[in-house]
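A closer look at the structure
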Amino acid sequence: MDSDLKFHNMKITSNITSNMTSNIISLKEAAIHLSSKIQSYGILLVLQEPNLQILQASENTWDVFGITAEDIIKCDLEAIFDPYQMEKIKFWLSEGNLDLINPTKVWVKQNGDDYVVFDAVFHRNKEGFLILELEPALSQDNIPFLTFYNLASAAIHRLQNSRKNANLSQVIVEEVRKITGFDRVMLYKFDENNHGCVIAEEKREDLESYLGLKYPESDIPLPARKLFLENSIRVIPDRNNQAINIFPKLNPVSGKAINLTNSILRSPAPCHIEYLQNMGVGASLTISLIKDKKLWGLIACHHEKAKYVSYEMRKACEFLGRIIFAEISAKEEIEDYDYQVKLKNIQTTLVEYIATETNFIDSLTQHQSNLLDLTNAQGAAIYFNGQFTLIGQTPPEEEVIFLVEWLQNNLQDETFSTNCLPDIYPDAIGFKNVASGLLAIAISQRNYVLWFRPEVVQTVNWGGNPQEAFSLERSERNFRLCPRKSFTLWKQTVQLTSLPWQNAEIKSALELKKVLVNIVLKQADELAELAEKLTRSNVELKKFAYVASHDLQEPLNQVANYLQLLEMDYQSQLDEDAKEFIGYAVEGVNLMQTLIDDILAYSKVDKLAIAFQLTDVEIALEKAVNNLQPRIKETKAIITHDPLPKVMADSIQLMQLFQNLIGNGIKFHSEKPPEIHISVERLADEWLFSVQDNGIGIDSKFSDRIFVIFQRLHTRNEYPGTGMGLAICKKIVESHHGKVWVESQLNQGSTFYFTIPIHCSSRI
Ligand code: ADP
């Protein structure tokens, strides 16, 4: 519903200083339950058990008992009631459950033989004092149960006969009005911001309707709310009733003002009286509706004139209200439950997709039932391993990137949700049409799923301008909180706000988080396994290289030596064919030697064995060029370079890298003499080097393949080589935490790029 409406530019009052603001807060949290006044239509006595000694009394005892409060507090209760009544009262009190005896009819003798009947209501307050409140009884008979029963059962009967899909909220107000005869009975429901909305109303025809109007939180301040939670019926029979003091003001035993939280007679706060006056209400009865220990709403009864409602009638209303409310609340729960089941089904379907498919991102986005249905969102984004996948209506990817960065600092709990993102993330104003609402979960420290909801502009009908919900008036020494005077319809347009995320939706996102976290953990496990396998194969490769360099070297040398001997010693006896075959064998041996050398060179490039040091790239390049001198001369190659920086690297490997890349540039030259240029560019946190040649170029479809070991695009007859050179380059660059790639086209020359992080060693 309208639970999370946002009030733009809504300030309590624009011109109050912070000092005044703190006053407001203290006023809003005033200890109204410690008020030491009561409404004059009844009498209140504070008693101490077990001897029922009167500790405090309202100052109107003279009117009923003919004894002043000062005198009455010197007595026990026995001084007021005759022994017969006292006996009964003492018996009931000893029973423990005071609900069973409330109200009790008591007779007080007045003027000769005249008796006045009161409803006596007992309760024990939090400090353990017994509080007796006497209200004038409207009926003389002590049959509360029957009266109560008749009232409630007639109403319940009517309820049972009412239409099946009747609006139960309306039924409540109609029945309560029928029983009590109040001019207006309303059902208020509170939203998450504690603003109340009139969802049902039954009233005198000539009165203006309040149905559908919203009332700001401040209309029922926090202390009053707390009292409504504890004491579910509040009655003010006459707004103009003069408040009566309790004597003495402080309880003589505790030394403190008496706690009247559960008192019926407790005088309303002056601010509340004023509020009723401003609303034109002479009497009120309020019944709290509580769900999950929270104030769900109120049944508020208003009467223009003073109106007394008997204890039985109040209880009947409360009972009735509760019964019908139980139905409303069950209906809400069923609706909620149905929605939860629907979301759960979607969740199960998605989990099934995830379980049977390899790519969980596709599972969440490529089917008819998808990520959006899980939270009823219009757009969603998955940010996983540096990649974005967007679905539905979302902000542009670059905006989502910034949003994810912002989330990294702001997502502290398991989920993050807001239905007014622009309020906390002002850039969202730019994409309010798709993302005024955001719900996000973190799958890991860097991976997120985000859901978006568009702005929904709403009009709210306030019962009076909420910005003027109360004002401050300066009294002699302090500020005084005054309720507003105007209740005329005040329309507000609420913008930059989406529909709120419901609990069921947030829960559903959380469930998905659990599934995805498991996938990420599984992937991390798989990666760890892969890394272990790689380490193992690296070790094996090293072993092989060792064997190749030592054990294979010897027989290979042997073959080479004997071939030489054969050639030299049997020269005269060999015919041309035999000489040619020996030539092939020598070539084979040489190739094998090169292969062994290259494998050895490859196996030696090891991340862990890299000797990082500040290396002058120009020197490394110079050495590589020196090593290539014979081929440079032979091909008349021209090697040029930009000024090169110093980097954190292994100087020998860097030299090897240049040697391989420049060597290839020379080897794979076109008809023109090779021209090779080395340049460098500084990026945000890495150096980007390039080695550009004017050679034969590479078909772009092979640009990945050439970095794989033994992969060549030409035969050895065309160009000599083992296909290990670029594989070694790749290993060197990756061991330096960089990347290597080629950009080329056939006959257009090639440019090999590689990066070296600026703070390379720190990443190890
Ligand atoms: P080798 O040079 O021993 O063949 P490399 O691993 O260095 O092995 O290169 C793999 C293949 O990539 C080469 O056989 C060649 O086809 C292609 N190649 C490498 N560098 C160049 C270049 N600068 N120009 C054109 N082709 C190249």
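Quick caveat, the model's predicted, so the values are computed rather than measured. (Residues numbered from 1 in each chain as written. Predicted model: local features only at pLDDT ≥ 70, side-chain atom pairs only at ≥ 80, totals over all residues. Heavy atoms only, no water.)

1. Concerning the overall build of the protein
Note the following rule: Every helix listed is a DSSP run of H or I at least four residues long, and every strand listed is a run of E at least two residues long, numbered separately from the N terminus. The buried label goes to any residue with under 20% of its type's maximum accessible area, the exposed label to any with over 50%, and the partly exposed label to all in between, with areas taken from a 1.4 Å probe on protein chains only. Only heavy atoms matter for contacts: two residues are in contact if any of them lie within 4.5 Å across the pair. Accessibility throughout is a Shrake-Rupley quantity obtained with a 1.4 Å probe, and a residue counts as covered only by protein chains that appear here.
When helices and strands are counted, the protein shows 19 helices and 29 strands. Here the protein holds 764 residues, and the buried ones make up 47% of them. Intrachain contacts of the protein at a sequence separation of at least 6 include 67% that bridge at least 24 residues. With an accessible surface of roughly 39,900 Å², the protein has 51% of that area assigned to carbon and sulfur atoms.

2. Comments concerning the sheet that holds strand β26 (residues 675–682)
Where we set the bar: When DSSP finds two or more bridges between two strands, those strands count as paired. Lines fitted to C-alpha atoms define the axes here, with helix axes fitted over just the stretch in contact, and angles between the N-to-C directions of these axes take values from 0 to 180 degrees.
Strands sit in the order β24-β26-β27-β29-β28 across an open sheet of 5 strands; the sheet is mixed. Every interior strand has two partners, whereas the edge strands, β24 (638–641) and β28 (740–744), have only one. Strand-to-strand twist across the sheet, computed as the mean angle between neighbouring axes with direction ignored, equals 20 degrees. With 4 bridges connecting them, β24 and β26 associate as parallel partners. Paired with Ile639 across the strands is Ile676, a residue of β26. Where helix α18 (residues 651–667) meets the sheet, its contacts fall on β24, β26, β27 (686–692) and β29 (750–757), and the angle it forms with β26 comes to roughly 140 degrees.

3. A short note on the packing of helix α14 (residues 503–569) against helix α15 (residues 576–604)
Using the following cut-off: Angle categories: roughly parallel below 35 degrees, roughly antiparallel above 145, roughly perpendicular from 65 to 115, and oblique for all the rest. Crossings are classed by handedness, with left-handed meaning an anticlockwise turn of the near helix from the far one by less than a right angle and right-handed meaning a clockwise turn. Each residue is assigned to one class: nonpolar for Ala, Val, Leu, Ile, Met, Phe, Trp, Tyr, Cys and Pro, charged for Asp, Glu, Lys and Arg, and polar for all the others, Gly among them.
It is at 9 Å that the axes of α14 and α15 come closest, and there the two elements cross at 160 degrees. Viewed along their axes, α14 and α15 adopt a mutual orientation that is roughly antiparallel. In the packing of α14 onto α15, the handedness of the crossing is left-handed. Among the residues making up the contact of α14 with α15, the classes are represented as 19 nonpolar, 5 polar and 2 charged.

4. Remarks on the site of the ligand
Stated formally: One heavy atom within 4 Å of a molecule or strand makes the whole residue count as near it. Polar contact is defined as a pair of N or O atoms within 3.5 Å, subject to the rule that within protein one atom must be able to donate a hydrogen and the other to accept it, and that residues adjacent in sequence are counted only when both atoms are side-chain atoms.
Around the ligand lies a shell of 21 residues, among which Asn664, Lys667, Asp693, Arg712 and Leu726 are the nearest. At a separation of 2.8 Å, a nitrogen atom of the ligand approaches a polar side-chain atom of Asp693. Measuring from an oxygen atom of the ligand, one finds a side-chain N or O atom of Arg712 at 2.7 Å. Calculation on the ligand without its partners gives an accessible area of 530 Å², and the protein chains cover 98% of this total. Counting only elements with at least two residues in the shell around the ligand, the list comes to α18, α19 (725–735) and β29.

5. A short note on a nonpolar patch on the surface
Selection rule: Patches in this entry comprise residues that are over 30% relatively accessible and not in a salt bridge; like charges within 9 Å are linked, as are nonpolar side chains (Val, Leu, Ile, Met, Phe, Trp, Tyr) within 5 Å. The rule for a salt bridge is simple: a side-chain nitrogen of Lys or Arg has to be within 4 Å of a carboxyl oxygen of Asp or Glu.
A surface patch of nonpolar side chains, about 450 Å² in accessible area, is lined by Phe544, Tyr546, Val547, Leu552 and Met592. Looking at the nonpolar patch element by element, the count peaks at 4 residues for α14. By the secondary structure assignment, Leu552 is in helix α14.

6. Re the packing of α18 against α19
One way to put it is that α18 packs onto α19 with a least axis distance of 9 Å and a crossing angle of 145 degrees. α19 is crossed by α18, and the crossing has left-handed handedness. Two secondary-structure elements touch here, α18 through Gln653, Gln656, Leu657, Asn660, Leu661 and Asn664 and α19 through Gly725, Leu726, Ile728, Cys729, Ile732 and Val733. When grouped by side-chain class, the residues that make up the contact of α18 with α19 number 7 nonpolar, 5 polar and no charged.

7. Remarks on the packing of aromatic side chains
Short version of the rule: Whether two aromatic rings pair depends on their centres lying within 6.5 Å, for rings of Phe, Tyr and Trp, where Trp uses its six-membered ring; planes under 30 degrees apart make the pair stacked, over 60 edge-to-face, and the rest tilted. Charge over a ring is defined by NZ of Lys or CZ of Arg lying within 6 Å of the ring centre and within 35 degrees of the ring normal.
Applying the stated criterion across every chain, the model contains 14 aromatic pairs. Ring centres 4.7 Å apart and planes at 55 degrees place the aromatic pair Trp296 and Phe325 in the tilted group. Taken as a pair, Trp296 in strand β13 (residues 294–303) and Phe325 in helix α9 (residues 311–356) lie far apart in primary sequence, 29 residues in all. In this structure, Trp296 and Phe325 share a single accessibility class: buried. Arg184 extends its terminal NZ or CZ atom over the ring of Tyr210, reaching a point 3.7 Å from the ring centre. Sitting over the face of the ring of Trp687, Arg682 holds its NZ or CZ atom 5.4 Å from the ring centroid.

8. Side note on the pattern of salt bridges
Following the criterion strictly, the structure yields 22 salt bridges and no others. Among the ionic pairs, Asp183 bridges to Arg204, the shortest N-O distance being 3.2 Å. Of the two residues, Asp183 is situated in the loop between α6 (168–180) and β7 (184–190) and Arg204 in the loop between β8 (196–203) and β9 (214–215); the sequence distance between them amounts to 21 residues. Look at Arg204 and you get partly exposed, because its relative accessible area is 24%.

9. A word on the environment of Ile80
By the secondary structure assignment, Ile80 is in the loop between α3 (69–72) and α4 (83–95). For Ile80, the residues in contact, after removing those within four places along its chain, are Leu45, Ile54, Phe65 and Ile72.

10. Re α4
For clarity, the cut-off: Take the residue count of a helix, subtract one, and multiply by 1.5 Å to get its expected span. This arc is built from the directions going out from the helix axis to the C-beta atoms.
Relative to the 18 Å expected for 13 residues at 1.5 Å per residue, α4 spans 19 Å between its end C-alpha atoms, a close match to the ideal helical length. Here α4 has its buried residues at Gln85, Met86, Ile89, Trp92 and Leu93. Burial along α4 is one-sided: seen end-on, the buried residues are contained in an arc of 130 degrees. Seen from the open side of α4, the exposed residues pointing more than 90 degrees away from its buried face are Pro83, Tyr84, Glu87, Phe91, Ser94 and Glu95. If you follow the buried residues of α4, they end up packed against β4 (104–110), β5 (114–124) and β6 (130–136). One or two positions beyond α4, positive phi appears at Gly96, with a value near 95 degrees.

11. Description of the nonpolar core
Convention followed: Residues belong to one nonpolar core when they are buried, are Ala, Val, Leu, Ile, Met, Phe, Trp, Tyr or Cys, and are joined through side-chain atoms within 4.5 Å.
Counting 41 residues, the largest nonpolar core has Phe658, Ile662 and Phe754 as its most contacted members. Listed by contribution, the elements that provide at least two residues to this core are α16 (617–627), β25 (646–649), α18, β26, β27, α19, β28 and β29. If we skip the residues at most four places from it in the chain, Ile662 touches Leu621, Val625, Leu628, Ile639, Ile676, Ile678 and Val691. Judged by nonpolar contacts, the second largest core, of 40 residues, contains Tyr41, Leu285, Leu289 and Cys317.

12. Points about the sheet that holds strand β14 (residues 379–384)
Taken in spatial order, the 5 strands make up an open sheet running β15-β14-β18-β17-β16, and their pairing is antiparallel. The open sheet terminates on both sides in strands that have one partner only, identified here as β15 (387–392) and β16 (415–418). The sheet shows a mean angle of 10 degrees between the axes of neighbouring strands, direction not considered. Pairing of β14 with β15, which is carried by 6 bridges, proceeds in the antiparallel orientation.

13. Some thoughts on the pairing of strand β10 (residues 233–236)
Across the two faces of β10 the burial is the same, with Ile233 and Val235 and Arg234 and Ile236 all buried. Where β10 and strand β12 (residues 283–291) come together, 4 bridges link them in antiparallel fashion. For Val235, the partnering residue across the bridge sits in β12 and is Leu285.

14. Section: the pairing of β6
For β6, the tally of buried residues reaches 6 of 7 residues, placing the bulk of the element in the interior. The pairing of strand β2 (residues 43–48) with β6 spans 5 bridges and is classified as antiparallel. Within β6, the position partnered with Ile43 by the bridge is Leu134. With 7 bridges joining them, β5 and β6 adopt antiparallel strand pairing. Within β6, the residue paired with Val121 across the bridge is Glu133.

15. Observations regarding a negative patch on the surface
Applicable threshold: Asp and Glu count as negative and Lys and Arg as positive, but His and the ends of the chain are not part of the count. Taken as the charge location is NZ of Lys, CZ of Arg, CG of Asp or CD of Glu.
On the surface, a cluster of negative charge is contributed by Asp292, Glu333, Glu335, Asp336 and Asp338. Tracing the backbone through its elements, the reader meets Asp336 in helix α9.

16. Description of the confidence of the model for the protein
Do not read the predicted coordinates in detail wherever pLDDT is low. This is how the line gets drawn: Predictor confidence is given residue by residue as pLDDT, running from a minimum of 0 to a maximum of 100.
When pLDDT is averaged across the protein, the result is 84; 88% of the residues are at 70 or more. Looking across the protein, the model is least confident in helix α1 (residues 18–28), with a mean pLDDT of 40, and most confident in β24, with 97. For the stretch residues 1–29, pLDDT sits under 50, and the model shows 63 contacts to residues farther than four places along the chain or on other chains.

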